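Chain by chain, the residues run as shown.
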Amino acid sequence: MPIPELVCPAGNLPSLKTAVDNGADWVYMGLKDETNARNFAGLNFDAASAREGLRYAHAAGAKMLIAINTFPQGQASKRWQRAIDGAADLGIDAVILADAGLMRYAAERHPQLRLHLSVQTSATNYEAINFYQERFGISRAVLPRVLSLAQVADVIRNTTVPIEVFGFGSLCVMVEGRCALSSYVTGESPNTRGVCSPAKAVRWEKHGDTLDARLNGILIDRYAPGENAGYPTLCKGRFNVDGETHYAIEDPSSLNAMALLPELVNIGVAAIKIEGRQRSPAYVAAVTRIWRAAIDAHAKNPQLFAVQADWANGLARVAEGQQHTLGAYHRKWK
Amino acid sequence: MRPRLPLRVGRHSDNSAMALMRMKLSLGPVLYYWTREALMEFYAGVAESGVDIVYLGEVVCSRRHNLRLDDWLGLARDLSASGKQVVLSTQALIESESDLKALRRIAANGEFTVEANEMGAVRLLAGRVPFVAGPHLNIYNNETLAWFAELGAMRFVLPLELSRDMLRELQAARPAGMQTEVFAYGRMPLAFSARCFTARHHDLPKDDCQFRCLDDADGLALKTRDRTPFLTLNGIQTQSALVYDLSESIAELRSLAVDVVRVSPQSRDMLAIIEAFSERCAGRPGAPLEGLRVAAPCNGYWHGVPGMEYRN
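Predicted, not measured: the structure shown is a model, and the values here were computed from it.

## Brief notes about the overall build of chain B
Inference 1: The secondary structure content of chain B amounts to 11 helices and 12 strands.
Inference 2: Taking 312 residues into account, the globule formula puts the C-alpha radius of gyration at 20 Å, and chain B, at 19 Å, falls close to it.
Inference 3: Seen along its three principal axes, the alpha-carbon backbone of chain B occupies a region of about 55 × 50 × 40 Å.
Inference 4: A burial count over chain B gives 62% of its 312 residues as buried.
Inference 5: Counting only contacts in chain B whose residues sit at least 6 apart along the sequence, the fraction spanning at least 24 positions is 69%.
Inference 6: When the accessible area of chain B is evaluated, it comes to approximately 11300 Å², of which 50% is carbon and sulfur surface.

Here you go:
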């Protein structure tokens, strides 16, 4: 079985360098604008830092990907097309695209440019993935975080497109690219602006002992004294359904599929992606180092593979929320 | 601000003829899980209603089975005999081989137009038969719309979160022969998940959900902790709590050369809602919708602001 490549997030140049230093095979980044799905203030790359990042990655034998994975609206495609042109001129190793119009532009204008299908494309089945392959010659597809292991295996059996899956990080409970909850509340969504539950719409309110977290006025959660208050991502709050208040959509947990690494390798996953361009260089360093160690350990001796206690602890220290989940890979999560 | 572009739409370039042309009214697929009897009764009423196009089929969850494909096809033939144009809608989230098997049967039905709701369906239809590109295909810009036209889409449904200004831009460079449909009434399907939120609420595994979504003919209300209606749980789909309502913007839809206005089913008063929209599509005032909606209205997306807002 081939060893899966490790694909790590880089929200800025220090993160990119630390990902490369800690053993990432690929690093992925985006520009400082709405052309990518982590369009957060203070994050991302300009032309100079992208050039330096690519130089650094290549010097270490790593590859660099650029995410241009939002959807231009109306007649706005030019800006996204310029981002693709810039990436091709830079000599980037691949672009991650979501919009079909942009894929076609890239395939026609830059036939040598390698295309990866973004998770934002919502391609959950091999008919969809094979269609993008036939039409645009995609070289890899990133699966949305909705399939069980058996379903991932079925996709892999029925396509020649190498498949990348998420291994660790913040968890979208919704099919990526198919969620407009954020624009419903704030006017801005991952598809349209590259943001979810944007910080500018967040308001914290103290009422006596309780702390309210609001998103454009909507109460996402209310914390009693002593409770850990998390960022009010709108699907991860506590809501009232039928008189019962609970995490009705998703707990504030994050994905950790390390325990499934042997199965992911066995079914033929080509690459494992780490989420978190919005996280710190320290997060990137820790997660990259630990996953590198795990993938190498498994490659060296698959039979003896077990998640080491210090790996688990190291990941737990940087995880978002209080707990880990296997997510949709594990049927019960659904 | 983007400049407002003049309309340069092939087929629709004659504005006076356009104004006279009656916009068509469509009824979207039933997004909830209703009993077989309720569905049959509902569509018996629809057959007599003023709706022009009827979308049929289960688009949310493959476990729902009160009507099987053969039942839907039977209904489609009946509605067709009543003068309705029928379109078979496909499931928005395809996960398993059995989902694909069902999808292939719909795509190859040979009798009715199909609405593709994800790209697997598009692969099965492209270049073979004309199809409708559904609201979840993420056709956000002119280049993508042009690509869908080449694949054989005869009509596309505007993504829910796009505004009238974006629609204007899309219409200005719309490929010849492409029709435009806009979701104009109903709780909005905002998100899909692998997880069933209805089963989760009842603490049941998805594989043994006991079809509890049958209990909620208009979905399960999710409120904030200060009791504001926020979202609606409908199995693996999450909808708005508020009802999207463009009934006051019909003239604007017409001026933007929209061909089809879609209303999405709810469990009560749907025929009255169809009537109210049908009148408006014909250029008449139509009855007010107060008292007919299952929740308060919103129309923010249309105005380019948060979807939950309502602007006069």
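## With respect to the confidence of the model for chain B
Inference 1: A residue-level look at chain B finds 93% of positions with pLDDT of 70 or above and a mean pLDDT of 93.
Inference 2: Every residue in residues 1–19 of chain B is under pLDDT 50, and counting partners more than four places away or in other chains gives 30 contacts.

## Looking at the domain arrangement of chain A
Residues and elements named next belong to chain A.
Inference 1: By domain assignment, chain A separates into domain 1 (5–171 + 253–333) and domain 2 (181–246).
Inference 2: The centre of domain 1, based on its C-alpha atoms, is set 27 Å off from the matching centre of domain 2.
Inference 3: The partner domain 2 presents eight residues to the 15 residues of domain 1 that form the contact.
Inference 4: Overall, the association of domain 1 and domain 2 removes approximately 860 Å² of surface from exposure, summing both partners, and the carbon and sulfur fraction of that is 37%.
Inference 5: Of all residues in domain 1, Glu34, Phe71 and Gln73 give up the largest surface area on contact with domain 2, accounting jointly for 39% of the area buried on that side.
Inference 6: At the boundary of domain 1 and domain 2, one finds one salt bridge.
Inference 7: Here Glu34 makes a salt bridge to Arg193, at a shortest N to O gap of 3.7 Å.
Inference 8: Summed over the shared surface of domain 1 and domain 2, the number is six residue pairs in polar contact (both at pLDDT 80 or more).
Inference 9: Considering only residue class, the side of domain 1 that touches domain 2 consists of four nonpolar, eight polar and three charged.

## With respect to the environment of Trp80(A)
Inference 1: Residue placement: Trp80(A) occurs in helix α3 (residues 77–90).
Inference 2: Aside from chain neighbours lying at most four places away, what touches Trp80(A) is Glu34(A), Thr35(A), Ile68(A), Thr70(A), Phe71(A), Pro72(A) and Leu102(A).

## A look at the interface of chain A and chain B
Inference 1: Contacts between chain A and chain B engage 68 residues on the former and 70 residues on the latter.
Inference 2: Roughly 6000 Å² of surface becomes buried between chain A and chain B when both sides are summed, with 53% attributable to carbon and sulfur atoms.
Inference 3: Here chain A is connected to chain B by eight salt bridges.
Inference 4: Counting the contacts that link chain A with chain B gives 41 residue pairs in polar contact (both at pLDDT 80 or more).
Inference 5: Ranked by residue count, the leading element in the side of chain A that touches chain B is helix α5 (residues 126–136) of chain A, at nine residues.
Inference 6: Split by residue class, the side of chain A that touches chain B holds 28 nonpolar, 23 polar and 17 charged.
Inference 7: In the sheet, strand β12 (residues 239–241) of chain A pairs with strand β8 (residues 220–223) of chain B via two bridges, with the strands oriented antiparallel. Within β8(B), the residue paired with Val241(A) across the bridge is Leu222(B).

Conventions and cut-offs
- Residues numbered from 1 in each chain as written.
- Chains lettered and ligands numbered in written order.
- Predicted model: local features only at pLDDT ≥ 70, side-chain atom pairs only at ≥ 80, totals over all residues.
- Heavy atoms only, no water.
- Helix = DSSP H or I, 4+ residues; strand = E, 2+ residues; numbered from the N terminus.
- Rg over C-alpha atoms; globule rule 2.2 N^0.38 Å.
- Buried < 20%, exposed > 50% of the residue type's maximum accessible area, 1.4 Å probe, protein only.
- Contact = heavy atoms within 4.5 Å.
- Areas by Shrake-Rupley, 256 points an atom, 1.4 Å probe, with all protein chains shown as cover.
- pLDDT = per-residue confidence, 0-100.
- Domains from an automatic or database assignment.
- Buried area = accessible area lost by both parts, 1.4 Å probe.
- Salt bridge = Lys/Arg side-chain N within 4 Å of Asp/Glu carboxyl O.
- Polar contact = N/O pair within 3.5 Å; in protein donor to acceptor, adjacent residues only side chain to side chain.
- Nonpolar A, V, L, I, M, F, W, Y, C, P; charged D, E, K, R; others polar.
- Pairing = 2+ DSSP bridges.

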